[in-house]
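Observations on chain architecture
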Amino acid sequence: MSWLAGLEERARAVLPAHVFDYVATGSGGNATRDEAADAWRAVRLAPHVLRDVTSVSLATTLLGHEYAVPWGVAPTSAQREVHAGGEPAMLRATAAAGALTVVSSNAGTRFADLPDGPWWLQVYVPADRTLAEPLLHAAVEAGASALVLTVDTPVVARKPTESSFWELADPQWLRVNFDEGYDDRPGAEKATDLGPHDLGWLAGVSGLPVVAKGVLRPDDARRCVDAGAAAVWVSNHGGRQLDRALPTALALPAVVDAVDGATQVYVDGGIRSGLDVVAALALGADAAFLGRPPVWALAEGEAAVARLHAELAVEVTEALTLAGCRTPADVRGIAAFPATP
Ligand SMILES: Cc1cc2nc3c(=O)[nH]c(=O)nc-3n(C[C@H](O)[C@H](O)[C@H](O)COP(=O)(O)O)c2cc1C
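Cut-offs applied
Residues numbered from 1 in each chain as written. Predicted model: local features only at pLDDT ≥ 70, side-chain atom pairs only at ≥ 80, totals over all residues. Heavy atoms only, no water. Helix = DSSP H or I, 4+ residues; strand = E, 2+ residues; numbered from the N terminus. Buried < 20%, exposed > 50% of the residue type's maximum accessible area, 1.4 Å probe, protein only. Contact = heavy atoms within 4.5 Å. UniProt positions renumbered as here; feature names shortened; annotations may be inferred. Polar contact = N/O pair within 3.5 Å; in protein donor to acceptor, adjacent residues only side chain to side chain. Axes fitted to C-alpha atoms, helices over the stretch in contact; angles between N-to-C directions. Parallel < 35°, antiparallel > 145°, perpendicular 65-115°, else oblique. Left-handed = near helix turned anticlockwise from the far one by under 90°.

Here we come to the environment of Thr101. For Thr101, the position within the fold is in strand β5 (residues 100-103). The class for Thr101 is buried, based on a relative accessible area of 3%. Taking the C-alpha atoms as reference points, Thr101 and Gly72, 29 residues apart in sequence, are found 5.8 Å from one another. Leave out the neighbours within four places in its chain, and Thr101 touches Val73, Met90, Leu91, Thr94, Pro118, Trp119 and Trp120.

Here is the structure:
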């Protein structure tokens, strides 16, 4: 088994059961969580040959900034419950690899205490929009360079193995970017009336580009683009929201078609290897994001997060070379299967 493929079982061995289960769980019967990785493995590639691949570069531009690699770390909550190094360790190791980190608004570290390195803030919008403003201003002040609005969470889906986490988690590492008593205020619950106009509202309050995360349908992707989204992020929240939502590998091609180059398209869900990253690029994504694998790596410490990026870089470089592609952009369109749904 490869080092990457062993991440989950090594994390199971070192994490307290309530933390491992919190990270692992999906919603409902876990159908969406369980199908994600298989859907990427079903993608088949039609490699180019007789092309000069003497030098291969993984460099990728996301929202106008260059990164060394075409993948990043998706937002995951409460990383300090997983390892004392928490979000700072994740960001440091990821930045050292030249990759982007998306920090959850449910981070266990104050934004002001994050180390240097490129990061975007993931946001949930509360029913009373004004309650979100201090968090947004704190993130801008601390150096967030974009916002990622999670659009698939009008309510948080129930998860079979989550409850013991909330009973056993150390409260000092939860919701540290919210004021004391925030959750008891009227209007602090998640907005159930989120609309495309909220993208513009967030951009106006923060002055940052806003990415819509959690899109699975081409018509919704288009609505996001028309409302000024800086990018569309295909995601089913790692199978943690609507169970039986379709795998992102199947949703991606139609979203890419609908967006038609108007913005970038990102994808997450079940990306577990360099070949999965390449499959995502081949189906038209500009970048792939990983949720659970960096958290499993963090369970082993900051050095393991660094190794995760190094292993992915080896795998993606090899796959590009074998596919006759010198850059991530060259990979677009070489997927032979599945065809667009
Ligand atoms: C433990 C955990 C916490 C998460 N927290 C958030 C979050 O705070 N905000 C968010 O938008 N998505 C969150 N997600 C979803 C991830 O950003 C991402 O969409 C998903 O994990 C990708 O699937 P993967 O885990 O198969 O890579 C979380 C996922 C996990 C596993």
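Back to the write-up after that little detour.
Looking at where Val205 falls in the secondary structure, it is placed in helix α8 (residues 197-206). The residues contacting Val205, other than those within four sequence positions of it, are Glu133, Leu136 and His137.

Of all eight residues making up helix α2 (residues 17-24), six are buried, and the element is well covered by its neighbours. Within α2, burial applies to His18, Val19, Phe20, Tyr22, Val23 and Ala24. Tucked into the core, α2 has its buried residues touching α1 (7-14), α3 (31-41), α4 (79-82), α7 (163-168) and α12 (292-300).

Annotation from UniProt places "active site" (unreviewed entry) at His237. Relative to the assigned elements, His237 resides in the loop between β9 (231-234) and α10 (248-259). Exposure remark for His237: the relative accessible area of 16% places this residue in the buried category. Beyond its immediate sequence surroundings of up to four residues, His237 is in contact with Tyr124, Thr150, Asp152, Thr153 and Lys213. A distance of 2.8 Å separates polar atoms of two side chains, one belonging to His237 and the other to Asp152.

Attention now moves to the side chain of Gln122. Tracing the chain through its elements places Gln122 in strand β6 (residues 119-123). For Gln122, a relative accessible area of 2% puts it in the buried group. A distance of 3.0 Å separates a polar atom in the side chain of Gln122 from the backbone nitrogen of Ser105. Not counting the four nearest positions on each side in its chain, Gln122 is found in contact with Pro75, Val102, Val103, Ser104, Ser105, Val148 and Thr150.

On to the packing of α1 against α12, then. Between α1 and α12, whose axes approach to 8 Å, the crossing angle comes to 45°. As far as their axial angle goes, α12 and α1 are oblique. α1 and α12 meet at a crossing whose hand is left-handed. When α1 is examined against α12, the residues Leu7, Glu8, Arg10, Ala11 and Val14 are found in contact with a partner set consisting of Pro293, Trp296, Ala297, Ala299 and Glu300.

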